[in-house]
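Commentary on secondary and tertiary structure
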Amino acid sequence: MDNPRLDYLRDKVKKLPLNPGIYIMKDKKGQIIYIGKAKALKNRVSSYFRSVDKHTPKVYRMVENVWDFEYIVTSSEFEALVLECSFIKQHSPKYNILLKDDKGYHYIRIGNGEYGKITASHQPQKDGARYLGPYLSGYVVNQTVDEVNKAFLLPTCTRNFPQDIGKQRPCLNFHIKQCMAPCSGKISAEEYAEALEEAVNFLKGSGSNIQKVLTEKMMQASENLQFEKAARYRDRIRAIQGLNENQKVVSIRYEEEDVIALVQSSIKCCAVVLQFRDYRLVDKEYFMLDEMAEFSDAAFFGNEEGKQDQIMENVLKELRTQFVLSYYNMKNSVPKAVVLDGESSCAEELEKYLCKKAGRNVQLLLPQKGDQMKLLQMAKENASQQIAEQTKRTSREISALDELARLLGLHQIPNYIEAYDISNIGNQTIVAGMVVFEGGRPLKGAYRKFSVRSVVGKPDDYASMREVITRRLERYSQHKEEGVGFGRLPDLILLDGGKGHVATVKPIVQQMGFDIPIFGMAKDDRHRTRTIATEDGELSVSSFHAAFDMLINIQDEVHRFSITYSRSKHQNRAMDSVLRSVEGIGEKRAKNLFLRFRTLKAMEAATLEQLEETPSMTHLTALNLYQALHSKEK
């Protein structure tokens, strides 16, 4: 194939995620020549650039002209389908038409008459019906028609109304609340026409207004004691809400808006802008903000360690402000609403600038929940993926660390995290494990084990944790010139425990002159992370899905590491006790036996000959050991 960019394209494909989304192929001039959707972007796009000689002639010609590609990640395959359809309608790419073969266009048909139905159609007919379209994806049309009919309880059967009213009993769809059953004769033509128009308006993008109207009608019907009618409105509202959950690329609050999110890793910051026009996502732009490092260095230089959090917060606000100003300075127009993922350094002045630039009112929004927050999450996911491509981390890891920083109120990404857990078996074996996660991944070379020395007798988790953290930070003073292992301070300390652990450890860390965020990982009855513990209470993790998964991984890993060390130490103590009770076994022979068998159980399973084969062992000493090991069997 005569495409000099194939190696570049194949290399770029390796960085794609396995998420659903759409991909946008461009030619050398930057023109969009093909748009497709995928259940797994990496798998689908890679298929174009391998075994290219086996492609059909039309696909071969398209690949031959691909100079670069972009993509947008979505949260479901259905979203990808809807987004693909929307983008193809806007851009009419050359090869989407050439590669369609016999698929053609698809329409949504709204039947005429008193009891019109909503159906899928291949071509509009001159039959008096209304048609929405065209759409290039038949799957999108069929699934949309199916879901809208269910949401608005419209019939999908072959019965003709009003001719067939009262002739047969309602079918199963009525009993499972997926049809209002006009066949029963209980639904007037006016009520049916109302539901049909609401469905059509929903298809045109007026979902939020319809919910408000339906809610008002439900309350009115309830006040008039029309409970069956109120129940139908209630079911319709619930169905629409469920439909909206899966179509955030279709229906938004404002006719036009930009959704802007900044995601940062320890070394990169990316801004993503999702552009919505006519209630549809029409484009995505991203910008790598390498100035982040410069801002950070300048801000931290010469400042006290304890003030860094506040400085970092101001840096982010300023960076967000500068990005919005720069972005709209190079644009010819400003949408009616701009959605931001956090505060800016001068929100009032920024809003005035946008209004002046647009020549009308522009709303600057900072949502905390609801549909707009879901759009921000979508923008963040795309920004995380862009950073992941450049840092060789997964978008899930980038998202998890970004979410964790927001959850804990940190003003810099906790790239280097240390987690601690105390484990004890009886009163004699009290140990602790320290695990390290860097960039969201375990850094096993930095793991450390501690044998607790100051706690004697009854186990005391608080006292044990105080000793371990104190020893760890004292080692920092000894090794800080090395900059690795104990010579590196963590961005965050997590303790396996509740607010009592945090309240016990935090004063010690502060007294030693360190400003390190400290939180606990509180567990439920099944030893799973339930909440994040602070000195004053707990923080819910449930809405931060990526951070929640990472916290569970950290907690599981530190628990595994500490309990493994505890069991090993307990077994060694038991083995040492047995060996030292045997005549003829001193320190050297005990060490050789430990190196050969490792555990007391393995030693008990050994034969007399195997014991005797251990370096420095004699026949008599081996016999004494064998008898001691098996004396309890008699």
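Quick look at the structure, then. Position numbers for residues start from 1 in each chain and track the written sequence from start to end. Only residues with pLDDT of at least 70 get local features here, since the model is predicted, and only at 80 or more are side-chain atom pairs given and counted; chain-wide, interface and lining totals rely on the full set of residues. To get the side-chain values, all heavy atoms of the structure are used, and hydrogens and water are removed first.

Focus on the sheet that holds strand 3 (residues 68-73)
Going by this rule: For two strands to count as paired, DSSP must find a minimum of two bridges between them. Strands are runs of DSSP state E lasting at least two residues, helices are runs of H or I lasting at least four, and both sets are numbered from the N terminus onward. To define axes, lines are fitted to C-alpha atoms, for helices over the stretch in contact only, and angles between the resulting N-to-C directions are given on a 0 to 180 degree scale.
Ordered by their spatial adjacency, 3 strands build an open sheet running 2-1-3, and the pairing between neighbours is antiparallel. Two strands lie at the open edges of the sheet, namely strand 2 (32-38) and strand 3, each paired on one side alone. Averaged over all neighbouring strand pairs, the angle between strand axes comes to 20°, with direction disregarded. Strand direction decides the pairing type here: strand 1 (residues 21-26) and strand 2, joined by 6 bridges, are antiparallel.

Re helix 16 (residues 461-479)
The following threshold applies: Take the number of residues in a helix, subtract one, and multiply by 1.5 Å to get its expected span. For every residue, the accessible area obtained with a 1.4 Å probe (protein chains only) is divided by the maximum for its type, and the residue is called buried under 20%, exposed over 50%, and partly exposed between those limits.
With 19 residues, helix 16 extends 27 Å between its outermost C-alpha atoms, agreeing within 8% with the 27 Å of an ideal straight helix rising 1.5 Å per residue. Listed in full, the buried residues belonging to helix 16 are Ala463, Ser464, Met465, Glu467, Val468, Ile469, Arg471, Arg472, Leu473 and Tyr476.

Comments concerning the packing of helix 14 (residues 371-391) against helix 15 (residues 395-408)
What describes two packed helices is the angle between their axes and the distance between those same axes. Applied cut-off: Roughly parallel means an angle under 35 degrees; roughly antiparallel means over 145; roughly perpendicular covers 65 to 115; every other angle is labelled oblique. By the definition used in this description, the sense in which the near helix is turned from the far one sets the handedness, with an anticlockwise turn below a right angle giving left-handed and a clockwise turn giving right-handed. We call two residues in contact when some of their heavy atoms are within 4.5 Å. In this count, Pro and Cys sit with the nonpolar residues alongside Ala, Val, Leu, Ile, Met, Phe, Trp and Tyr, while Asp, Glu, Lys and Arg are called charged and the others, Gly among them, polar.
Packing of helix 14 against helix 15 brings their axes to within 7 Å, and their N-to-C directions diverge by 120°. Considering their axes alone, helix 14 and helix 15 lie oblique with respect to each other. Considering how the two elements wind past one another, helix 14 and helix 15 form a crossing that is right-handed. For the pair formed by helix 14 and helix 15, the contact residues are Gln377, Lys380, Ser384, Gln385, Ile387, Ala388 and Thr391 on the first element and Ser395, Ile398, Ser399, Asp402, Glu403 and Arg406 on the second. Residues belonging to the contact of helix 14 with helix 15 are distributed by class as follows: 3 nonpolar, 6 polar and 4 charged.

Focus on the side chain of threonine 531
To keep it simple, the criterion reads: Throughout this description, a polar contact denotes any pair of N or O atoms lying within 3.5 Å of each other; where both atoms belong to protein, one of them has to be capable of donating a hydrogen while the other can accept it, and for residues adjacent in sequence the pair is counted only when both atoms sit in side chains.
Inspection of the secondary structure puts threonine 531 in strand 18 (residues 529-533). Judged by relative accessible area, which is 11%, threonine 531 ranks as buried. Within the local environment of threonine 531, its side chain forms a polar contact with the side chain of glutamate 538, the two groups lying 3.1 Å apart. Setting aside anything within four residues of it in sequence, one finds threonine 531 in contact with Gly520, Met521, Ala522, Glu538, Leu539, Ser540 and Val541.

Some details on unusual backbone geometry
The step from phenylalanine 161 to proline 162 runs through a cis peptide bond, and the omega angle for that step is 10°. Within the fold, proline 162 resides in the loop between helix 6 (138-151) and helix 7 (172-175). Phi is positive for leucine 153, close to 60°, though the residue is something other than glycine. Along the chain, the position of leucine 153 falls in the loop between helix 6 and helix 7.

Topic: the packing of helix 16 against helix 17 (residues 499-511)
Interaxial distance between helix 16 and helix 17 falls to 9 Å at its minimum, and their mutual angle equals 35°. Two packed elements cross with a definite hand, and for helix 16 against helix 17 that hand is right-handed. Residues Asp461, Tyr462, Met465, Arg466, Ile469, Thr470 and Leu473 of helix 16 lie in contact with helix 17, whose contacting residues are Gly500, His501, Thr504, Val505, Ile508 and Val509. Here the contact of helix 16 with helix 17 is built from residues that sort into 7 nonpolar, 4 polar and 2 charged.

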